Amino acid sequence: MEEIKSMKFTDADLSEEIVKAVEKMGFKEMTPVQAKTLPLMMEGRDVIAIAPTGTGKTCAFGIPMLEYINLGDKRVQELVLAPTRELSLQITEELRALARFIPGVRIACLYGGQPIVKQISQLKQNPQIIVATPGRLLDHMNRGNVRLDSVHTMVLDEADEMLNMGFVKDVTKIIEATPNDRELVLFSATTNQDVMTIAWKYQQDPVEVVIPATKENRPQITQYVINTERESKYENLLYLLDSDRYQRVMVFVNTKDMTQRLCKRLKDAGYPADCLHGDMRQSARNQVMDAYRKGRFQILLATDVAARGIDVDDVEAVINYDLPNENEYYLHRIGRTGRAKRQGVAFTLLTYTESVRFDAILKYIMAQPVPLKFNDMGILVNENDEPFFEDM
């Protein structure tokens, strides 16, 4: 496999404004996905980039977009589609950070769950860049609020997840509303048939970039599995939380109802917790995430859909209260920790009935978690019967 050479942002042919913004964000050296993708996008090539999550994809496509933007043109020139509201907001925030020294850049973020009137006012400001979820963007297109006939670059971020979620028809309609000669870039953690179909149908001679999960860009996560009984899960969870080892924790639960009930139970017991689930209004979800990022509470409970796209650098531990229904969700969950080159840990509370499905997940991720158990005294120990938290 071709070695990916390291590259500093100052060594690339970038504008002074972009270099200054990148330095302000604390970045000096490009990640592998940036080093490979950024030059190709600057050349105007169509790209399929297969890369692990948390490897700096937004800068990889955001910098070329900003370098090519025509500030005097009031039409939409750059478009990013993302599968969820949270990811759309996260991308918008990072693009605005990259554009902080370029006066006149206008970015609109369009997603479901926010009043459409507020978004119409954004569109009346003539944004050059739109970040959107497919359904809401199509809604605005059907209402005549936005035209895409001047789009220069279009990016599908987390394309595999977006197409898996049932947005194939919406994404197809949006692509077909852009010019045939626009640059189309797909970022994906995995390849699937829908991703390859979009690439075959709409990309022109695309370059495929594959960034393997190496020691350098793979999140540093130690995985543990705790075999338990279903009725003991709550007590096991409290044991982990009471260890006082982790100041920022995410707990994953499979259903909205269970997320709410478990959150209430923890709150009633005095734990600093809150939750995210699909039935919450977007404004409430934003408030929860803002408070979590600012450290106003330590324990965030979430379903897989609600947590998609969440990017908090300093999550110290992930706890799988329930085993996810899809293999990919396990990777997305544990990938919430171990970011920005920090060490992270992931615990899975595993019942006997879940063991067959967990074996399938382990085969998929090609990893073997460290087994832990509770001894007769209720102390969490390793295979050698040594206490896991030695000073508890």
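Residues numbered from 1 in each chain as written. Predicted model: local features only at pLDDT ≥ 70, side-chain atom pairs only at ≥ 80, totals over all residues. Heavy atoms only, no water.

**Some words on the overall build of the protein**
Then, number 1: Regarding its fold elements, the protein presents 15 helices and 15 strands.
Then, number 2: For 392 residues, the compact-globule estimate of 2.2 N^0.38 gives 21 Å, and the protein sits close to it at 22 Å.
Then, number 3: Expressed along its principal axes, the backbone C-alpha trace of the protein runs to roughly 70 × 50 × 40 Å.
Then, number 4: Burial status across the protein gives 53% buried among its 392 residues.
Then, number 5: Here the analysis covers contacts within the protein between residues at least 6 apart in sequence; of these, 73% occur between residues at least 24 apart.
Then, number 6: Distance between charge centres in the protein, computed from 48 positive and 56 negative side chains, equals 6 Å. (Helix = DSSP H or I, 4+ residues; strand = E, 2+ residues; numbered from the N terminus. Rg over C-alpha atoms; globule rule 2.2 N^0.38 Å. Buried < 20%, exposed > 50% of the residue type's maximum accessible area, 1.4 Å probe, protein only. Contact = heavy atoms within 4.5 Å. Lys, Arg positive; Asp, Glu negative; His and termini not counted. Charge placed at Lys NZ, Arg CZ, Asp CG, Glu CD.)

**Things to note about helix α4 (residues 85–98)**
Then, number 1: The end-to-end C-alpha distance of α4 is 20 Å, a good match for the 20 Å that 14 residues give at a rise of 1.5 Å each.
Then, number 2: Regarding α4, the residues found buried are R85, E86, L87, S88, Q90, I91, T92, E94, L95, A97 and L98.
Then, number 3: The opening residue of α4 is T84, an N-cap whose side-chain oxygen sits 3.1 Å from the backbone nitrogen of L87. (Expected span 1.5 Å × (residues − 1). Polar contact = N/O pair within 3.5 Å; in protein donor to acceptor, adjacent residues only side chain to side chain.)

**Section: the sheet that holds strand β8 (residues 220–227)**
Then, number 1: Strand order in the open sheet formed by eight strands is β10-β11-β9-β12-β13-β8-β14-β15, with mixed pairing between adjacent strands. Strand pairing shows two members of the sheet lacking a second neighbour, β10 (273–276) and β15 (380–381), which therefore form its edges.
Then, number 2: Contacting β9 (249–252), β10 and β11 (299–302), helix α12 (residues 282–293) crosses the sheet at an angle of about 135° to β10. (Pairing = 2+ DSSP bridges. Axes fitted to C-alpha atoms, helices over the stretch in contact; angles between N-to-C directions.)

**As for the sheet that holds strand β5 (residues 153–156)**
Neighbouring strands of a sheet are bound in pairs by backbone hydrogen bonds; such pairs are parallel or else antiparallel.
Then, number 1: Strand order in the open sheet made by the seven strands is β3-β4-β2-β5-β6-β1-β7, with parallel pairing throughout. Both outer strands of the open sheet, β3 (107–110) and β7 (207–210), are each paired with one neighbouring strand and no more. Averaged over all pairs of adjacent strands, the angle between strand axes in this sheet comes to 15°, irrespective of strand direction.
Then, number 2: Pairing between strand β2 (residues 78–81) and strand β4 (residues 129–132): four bridges, direction parallel. Residue pairing in the sheet places L81 in a bridge with A132 of β4.
Then, number 3: Together, β2, β4, β5 and β6 (183–188) form the strand contacts of helix α3 (residues 57–68), whose direction differs from that of β2 by roughly 160°.

**Brief notes about the nonpolar core**
Then, number 1: With 40 residues, the main nonpolar core has L14 and I63 as its most contacted residues.
Then, number 2: Apart from the residues within four sequence positions on either side, I63 is in contact with F9, L14, I18, V22, L38, T58 and L98.
Then, number 3: Counting residues in hydrophobic clusters, the runner-up holds 31 residues, among them I50, L123, I174 and L184. (Core = buried A, V, L, I, M, F, W, Y, C linked by side-chain atoms within 4.5 Å.)

**Some points on the pattern of salt bridges**
Then, number 1: With the rule as written, the count across this model stands at eleven salt bridges.
Then, number 2: Close ionic contact of K233 with E354 constitutes a salt bridge, the shortest N to O distance being 3.6 Å. Note that K233 is positioned in helix α10 (residues 233–241) and E354 in the loop between β13 (343–350) and α15 (355–365), a separation of 121 residues in sequence.
Then, number 3: Where K267 meets D274, a salt bridge forms, and the shortest distance between an N and an O atom there is 3.8 Å. (Salt bridge = Lys/Arg side-chain N within 4 Å of Asp/Glu carboxyl O.)

**Description of the environment of T303**
Then, number 1: Of note, T303 is situated in the loop between β11 and α13 (304–307).
Then, number 2: In this structure T303 touches F252, V253, N254, T255, K256, T259, L276, H277 and G278, once residues within four positions along its chain are discounted.

**Let's talk about the pairing of strand β14 (residues 370–374)**
Then, number 1: Where β8 and β14 come together, three bridges link them in parallel fashion. Residue V225 lies in a different strand from β14, and its bridge partner there is P371.
Then, number 2: Both β14 and β15 contribute to a ladder of two bridges, which runs antiparallel. By the bridge assignment for β15, F374 is matched with L380.
Then, number 3: The antiparallel hairpin formed by β14 and β15 contains five residues in its connecting segment, where G378 sits at a positive phi of about 80°.

**Some remarks on the packing of aromatic side chains**
Aromatic rings considered in pairs are described by the distance between their centres and by the relative angle of their planes.
Then, number 1: Within this structure, the stated rule accounts for eleven aromatic pairs.
Then, number 2: Arranged with centres 5.3 Å apart and planes meeting at 20°, the rings of Y224 and F347 form a pair that is stacked. Of the two residues, Y224 is situated in strand β8 and F347 in strand β13; the sequence distance between them amounts to 123 residues. When sorted by exposure, Y224 lands in the same class as F347, which is buried.
Then, number 3: Residues Y239 and F374 carry aromatic rings whose centres are separated by 5.0 Å and whose planes lie at 90° to one another, so their mutual orientation is edge-to-face. A residue pair is termed long-range when its members are at least 10 positions apart, and Y239 in helix α10 and F374 in strand β14 qualify at 135 residues.
Then, number 4: Y239 sits in the buried class, given a relative accessible area of 15%. (Phe/Tyr/Trp six-rings, centres within 6.5 Å; stacked < 30°, edge-to-face > 60°.)

**Considerations on the packing of α10 against helix α11 (residues 256–268)**
Then, number 1: Axis separation between α10 and α11 bottoms out at 12 Å; the angle between their running directions is 55°. The orientation of α10 with respect to α11, classified from their angle, is oblique. At the point where α10 passes α11, the crossing takes the right-handed sense. Taken together, the residues of α11 that come into contact with α10 (itself represented by Y234, L237, L238 and L241) are L262, R265 and L266.
Then, number 2: Looking at side-chain class alone, the contact of α10 with α11 contains six nonpolar, no polar and one charged residues. (Parallel < 35°, antiparallel > 145°, perpendicular 65-115°, else oblique. Left-handed = near helix turned anticlockwise from the far one by under 90°. Nonpolar A, V, L, I, M, F, W, Y, C, P; charged D, E, K, R; others polar.)

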